[in-house]
Amino acid sequence: MPRQRSNMQEALLAVLRQHEQPQSAYALLAALRTDNAKLAPTTIYRALDALSEQGMVHRIESLNAYACCRHGDHTSDCIMAICDDCGIVEEQLAPKLIGAISAETEKSGFAPKRHVVEVHGSCAACGSTEDRK
């Protein structure tokens, strides 16, 4: 049975869904403070942590920002392709690659718990724009 989300978690998801680009916790805080001036950063971070644990949002480590999960219910970590031009993040499922990374690190006795794979570059739209210049 899916876990019940709090009002704060639902509000954060609503704000994140309005944006194509990942949002920082402080940008989310600013967006939600219009309805609640006393809202604290710790409240935002707790809600984002819970949403991350539920697989509803991804933390984009290199940007220190958050984006909605676009693939819904998946159990493996994914690759985040980040466009340095427009800021869009594409989520790519690659369970074989993630499995290969785990297998490689396990050879030395390391026990991986979570994978963070982020690739920076240009998305198809921005790349094709550059090609036309």
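See the structure printed just above.
Cut-offs applied
Residues numbered from 1 in each chain as written. Predicted model: local features only at pLDDT ≥ 70, side-chain atom pairs only at ≥ 80, totals over all residues. Heavy atoms only, no water. Salt bridge = Lys/Arg side-chain N within 4 Å of Asp/Glu carboxyl O. Pairing = 2+ DSSP bridges. Helix = DSSP H or I, 4+ residues; strand = E, 2+ residues; numbered from the N terminus. Axes fitted to C-alpha atoms, helices over the stretch in contact; angles between N-to-C directions.

Participant: For this particular structure, what's the right way to read the pattern of salt bridges?
Facilitator: As a working rule, side chains carrying opposite charge can pair if their charged atoms are close by. For the structure on display, the rule yields four salt bridges. Of the charged contacts in the structure, one is a salt bridge between E10 and R5, with a shortest N-O distance of 3.0 Å. When salt bridges that share partners are traced, they join R59, E61 and R114 into one network.

Participant: Mind showing me how you'd approach the sheet that holds strand 5 (residues 117-121) here?
Facilitator: Two pairing modes exist for strands in a sheet, parallel and antiparallel, and in both the strands are linked by backbone hydrogen bonds. Judged by pairing direction, the sheet is mixed, and its three strands sit side by side in the order 4-3-5 without closing on themselves. Both edges of this open sheet fall to strand 4 (89-93) and strand 5, since each of them pairs with a single strand only. In this sheet, neighbouring strand axes are inclined to one another by 25 degrees on average, regardless of whether the strands run parallel or antiparallel. Inspection of the sheet shows strand 3 (residues 78-83) paired to strand 5 by five bridges, in the parallel sense. Considered in strand 5, the bridge of I79 is made with V117.

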